[in-house]
Amino acid sequence: MIIIPGPASRELGGSIAGELGVDAHPVEHRVFPDGESYLRLTAPVEGETAVIVQTTSPPQDTRLMQLFMMTGTAADLGAEKVICVVPYLAYTRQDKRFLEGETLSLDIIVNLLEEAGADDLIVIDAHSADSLQRVQRRHRIGVENLSAVPLLAEHLKELGYGGAYSLAPDMGAVHLAELGGEVLGGDFGFFEKRRSRGTGEIEMTVRELDIRGRDAAVFDDIISSGGTMARAVAGLKAQGARQVAAACTHALFVGDAERRIREAGADLILATDTVATKFSQVSVARLIAERLRSIVP
Ligand code: R5P
């Protein structure tokens, strides 16, 4: 197995290789004056299983293009199998056509990866596991969606959040709260979240919870602008929650997301290293390495 960290995941790719006890072979990467990427694989892949590790957090489009280039090159150079590990897969929130003519970006990306020569795609906490499965049924590529929430919850437990109430900011993410609850040992639930048809603004209804004086942890797949998480944290604090942890797998933290969440009253912000930030206290390297080990013994 040849581990090939892409330009966006040099560190995580190196950690995955470390967990597997093999060398990492990062691609050589330069940027041409006009902004195009130059990439070169630095290890022979003919007859090998090539594992390309590339997250696709902003700048998404550049990183996706690099992913397609590395995948296509590994296939072209005769890799027996190409596995794309994309810890954060961008565009997974654009998975349904609400208005005539809208693009289904998730389908297009999976299609392009398959066309480039990927045999398997491993992602962590994709926005909608159902959409990913639906897309997978239309393609030959194998798609796996692993969850880092148990790891986040373990970390929170070590920090004293054992028994905390686990919450998801909307019903679509309730499985994350359930996973968190299994580790923390408290109740789990979700908020009602609706996007207003007129303004596009998010409306969040906070049901009465048995939370007064108790700790809570909110689990979400992504923190982007921080609006969703801030609303959830504020709702819990308003109901008398004691400590509230804001935990996510993918910390995009666009604009003043951190300030919004802190001002809402979060006592702790926690994320994984699918997107490397100062909040990335939990690594997904072992989770990915274990999965790779079971696919490629
Ligand atoms: C949406 O359903 C996702 O699970 C996240 O809750 C959302 O994308 C977070 O975005 P933001 O941080 O901008 O509210």
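In this report, the structure presented in the accompanying data block is examined. Starting afresh in each chain, residues are numbered from 1 along the sequence in its written order. Thresholds applied to this predicted model are a pLDDT of at least 70 for local features of residues and 80 or more for the giving and counting of side-chain atom pairs; totals over whole chains, interfaces and linings are not thresholded and use all residues. With hydrogens and water excluded, all non-hydrogen atoms of the structure serve as input to the side-chain values.

### Considering the overall build of the chain
Heads up, the condition is: The helix count covers DSSP runs of H or I at least four residues long, the strand count covers runs of E at least two residues long, and both are numbered beginning at the N terminus. All radius of gyration figures rest on C-alpha atoms, and the globule criterion is 2.2 Å times the number of residues raised to 0.38. To sort residues, take the accessible area from a 1.4 Å probe on protein chains only and compare it with the maximum for the residue type: under 20% means buried, over 50% means exposed, and anything in between is partly exposed. The contact criterion used is simple: two residues touch if any of their non-hydrogen atoms lie within 4.5 Å. Accessibility throughout is a Shrake-Rupley quantity obtained with a 1.4 Å probe, and a residue counts as covered only by protein chains that appear here.
A count of helical and extended segments in the chain gives nine helices and 15 strands. Against the compact-globule benchmark of 19 Å for 297 residues, the chain has a radius of gyration of 20 Å, which places it among compact chains. In terms of overall dimensions, the chain has a C-alpha envelope of 60 × 45 × 40 Å along the principal axes. The burial tally for the chain puts 51% of its 297 residues in the buried class. For the chain, long-range pairs separated by at least 24 residues make up 63% of all intrachain contacts whose partners lie at least 6 apart in sequence. Of the roughly 13,600 Å² of accessible surface on the chain, 48% is carried by carbon and sulfur atoms.

### Re the sheet that holds strand 12 (residues 216–223)
As a reminder, the rule being used: Only when DSSP finds a minimum of two bridges between them are two strands counted as paired. Each axis is a line fitted through C-alpha atoms, and for a helix only the stretch in contact is used; angles between axes span 0 to 180 degrees, taken between their N-to-C directions.
Across the sheet, which stays open at both edges, the six strands sit in the order 9-8-12-13-14-15 with parallel pairing between neighbours. Looking at the sheet topology across the chains shown, the edges are occupied by strand 9 (188–190) and strand 15 (280–282). When the angles between neighbouring strand axes are averaged without regard to direction, this sheet yields 35 degrees. In this structure, strand 12 lies alongside strand 13 (residues 244–251), joined through seven bridges in parallel fashion. Its bridge partner lying in strand 13, I222 is registered against H250.

### Observations regarding unusual backbone geometry
A cis geometry characterises the amide bond from P58 onward to P59, with omega recorded as 0 degrees. Within the fold, P59 resides in the loop between strand 4 (49–53) and helix 2 (60–76). Look at Y91: it is not a glycine, yet its phi comes out positive at around 70 degrees. For Y91, a relative accessible area of 27% gives the class partly exposed.

### Side note on the site of the ligand
Stated formally: When at least one non-hydrogen atom of a residue lies within 4 Å of a molecule or strand, that residue is treated as near it. What qualifies as a polar contact is a pair of N or O atoms within 3.5 Å, subject to a donor-acceptor requirement within protein and to the restriction that residues adjacent in sequence count only when both atoms come from side chains. Here the nonpolar group is Ala, Val, Leu, Ile, Met, Phe, Trp, Tyr, Cys and Pro; Asp, Glu, Lys and Arg are the charged ones; every other residue, Gly included, is treated as polar.
The environment of the ligand is formed by 13 residues, the closest being D220, D221, S224, S225 and T228. One nitrogen or oxygen atom from the side chain of S225 is found 2.5 Å from an oxygen atom belonging to the ligand. Between T228 and the ligand, the recorded distance is 2.5 Å, taken from a side-chain N or O atom to an oxygen atom. The protein chains hide 86% of the 380 Å² of surface that the ligand would expose on its own. Contributions of two or more residues to the shell around the ligand are made by strand 12 and helix 7 (227–238). In terms of residues, the shell around the ligand owes the most to one element, strand 12, which gives four residues. Of the residues that constitute the shell around the ligand, the class distribution is two nonpolar, six polar and five charged.

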